[in-house]
2 protein chains.
Amino acid sequence: MTIFVDMDEVIADAYNAHIEIYNSEYEAKLSAEECHGKEVWQCVPKEHKESIMGHAHRVGFFQSLKVISQSQQILSELCKAHEVYIASAAMEFPNSLKEKSDWLDEFFPFIPWQNRILCGNKFILKGDVLIDDRSRNLTSFEGRSIMFTSPHNVNTTDFERANSWEEIAEKLL
Amino acid sequence: MTIFVDMDEVIADAYNAHIEIYNSEYEAKLSAEECHGKEVWQCVPKEHKESIMGHAHRVGFFQSLKVISQSQQILSELCKAHEVYIASAAMEFPNSLKEKSDWLDEFFPFIPWQNRILCGNKFILKGDVLIDDRSRNLTSFEGRSIMFTSPHNVNTTDFERANSWEEIAEKLL
């Protein structure tokens, strides 16, 4: 079975990084809980939106992301049973490309370069399962689309859902 | 129709760049003609092989590649008629990722980030046509595989072939 796994919000915690940077730079106390159902930039005063939109363009942003709980252990098991590819829509952020490669080297060294994809649209992926947090990617996939829960997507009901990597393990191992 | 187009040897002239760098650094007179049917590293003394293998890891190598003749004009036309994606097996060379994105911005600005793919294996591409210079990529593709002629692949007879971008235009426009 060929399984595609998104990076941000699935194995890399970009959402909480946005909140942490915002709180630190604006002396704010935003929490993931109060952002439920929204993007982080939708939860701050309008005049701060651009600052949050700029995080992904900063050097070091993607390099410093924390690993989503249990994703390393369970992906390592999945790789023994299936063909696992990392597929990240990273081409929008050219400065992130090397950082994402380095980040995978550091935290997911068992996924070799042959199985890494940095792309734009995900329409073009051919395989059996896509684990992603974005409706736009899951909708166009030909196989089994699994929405990985992230604060921004909690109100979406259109897809099979996994709330954690433990739930991915139950489904696919 | 969804068309995938490889970078090196199809739109970017890496082969002649290897020869130029080698000739310059070793005061040699290697020509593309005498390399026909081989990789450049197979055409030099054994003790120089590693030097050539190292070119792709050098900062600036991919940024400085020349554009393959007529690829800009004809890809620009193809983009008006079809869904065109650039698909490069670049993940082996992490330093090349940003350079390849910048190079596309410079020479193929009409192909947006949504239509760019930096990957490893190309087994995972879903579409109608793949234009590539490597048998290993063309073999696994589910659609129409077109081998773009490069000095190293002239003796391969396994695939439909295009010797130039003009021939691609005749086939696909």
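Owing to the predicted nature of the structure, the values given are computational and were not obtained by experimental measurement.

As a further point, take the pattern of salt bridges. A full pass over the atoms with the stated rule returns 26 salt bridges over all chains. For A:Glu160, the salt bridge is made with A:Lys171, and the minimal N-O distance between the two is 2.9 Å. Residue A:Glu160 is located in strand S6 (residues 160–162), and its partner A:Lys171 is located in helix H6 (residues 165–172); the two are separated by 11 residues in the primary sequence. With a relative accessible area of 30%, A:Lys171 lands in the partly exposed category. B:Asp102 is the salt-bridge partner of B:Lys98, the closest N and O atoms lying 2.9 Å from each other. Within this pair, B:Lys98 and its partner B:Asp102 are both found in helix H4 (residues 96–107), separated by 4 residues, close to a single helical turn. What you see here is one network of salt bridges that share partners, running through A:Asp6, A:Lys122 and A:Asp132.

Now for the UniProt feature "active site" (unreviewed entry) in chain A. All names here are of chain A. As annotated in UniProt, the feature "active site" (unreviewed entry) corresponds to Asp-6 and Asp-8 in the numbering used here. Residue placement: Asp-6 occurs in the loop between strand S1 (2–5) and helix H1 (14–26). Those residues in contact with Asp-6 that lie beyond four places of it in its chain are Ile-11, Ala-87, Ser-88, Lys-122, Ile-131, Asp-132 and Asp-133. Among the polar contacts made by the side chain of Asp-6, one reaches the side chain of Lys-122 at a distance of 3.1 Å.

Residues and elements named next belong to chain A. Of all 6 residues making up strand S2 (residues 83–88), 5 are buried, and the element is well covered by its neighbours. Pairing of S1 with S2 involves 4 bridges; the strand directions are parallel. By the bridge assignment, Thr-2 is partnered in S2 with Glu-83. With 3 bridges connecting them, S2 and strand S3 (residues 116–118) associate as parallel partners. The residue bridging Ile-86 from the neighbouring strand is Arg-116, located in S3. Remark: the S2/helix H4 (residues 96–107)/S3 crossover connection has right-handed handedness.

This paragraph deals with H4(A). End to end, H4(A) covers 16 Å across 12 residues, agreeing with the expected 16 Å (1.5 Å per residue, within 8%). For H4(A), every residue scored as buried is listed here: A:Ser96, A:Leu97, A:Glu99, A:Lys100, A:Ser101, A:Trp103 and A:Leu104. Looking at the packing, one finds that the buried side of H4(A) touches S2 and S3 of chain A together with H4 and strand S3 (116–118) of chain B.

The next subject is the relation of the copies chain A and chain B. Between the two copies of this chain, the relationship is a rotation about some axis together with a displacement along it. For the pair chain A and chain B, the best superposition has an RMSD of 0.0 Å and corresponds to a rotation of 180 degrees with a translation of 0.0 Å parallel to the axis. This pairing of chains is accounted for by a two-fold axis.

Moving on to the interface of chain A and chain B. Across the contact, 25 residues belong to chain A and 25 residues belong to chain B. Here chain A meets chain B over a buried area of about 2400 Å², counting both sides, of which 63% is carbon and sulfur. It is A:Trp113, A:Ile124 and A:Lys126 in chain A that bury the most area against chain B; as a group they hold 28% of the surface buried on that side. Taken together, the links from chain A to chain B amount to 2 salt bridges. In this structure, the salt-bridge partner of A:Glu142 is B:Lys126, at a minimum N-O distance of 3.8 Å. At the boundary of chain A with chain B, the tally comes to 11 residue pairs in polar contact (both at pLDDT 80 or more). Elements with a contribution of two residues or more to the side of chain A that touches chain B: S1, H4 and S3 of chain A.

Definitions and cut-offs
- Residues numbered from 1 in each chain as written.
- Chains lettered and ligands numbered in written order.
- Predicted model: local features only at pLDDT ≥ 70, side-chain atom pairs only at ≥ 80, totals over all residues.
- Heavy atoms only, no water.
- Salt bridge = Lys/Arg side-chain N within 4 Å of Asp/Glu carboxyl O.
- Helix = DSSP H or I, 4+ residues; strand = E, 2+ residues; numbered from the N terminus.
- Buried < 20%, exposed > 50% of the residue type's maximum accessible area, 1.4 Å probe, protein only.
- UniProt positions renumbered as here; feature names shortened; annotations may be inferred.
- Contact = heavy atoms within 4.5 Å.
- Polar contact = N/O pair within 3.5 Å; in protein donor to acceptor, adjacent residues only side chain to side chain.
- Pairing = 2+ DSSP bridges.
- Right-handed = clockwise from strand over helix to strand, strands pointing away.
- Expected span 1.5 Å × (residues − 1).
- Least-squares fit on C-alpha atoms with pLDDT ≥ 70 in both.
- Buried area = accessible area lost by both parts, 1.4 Å probe.

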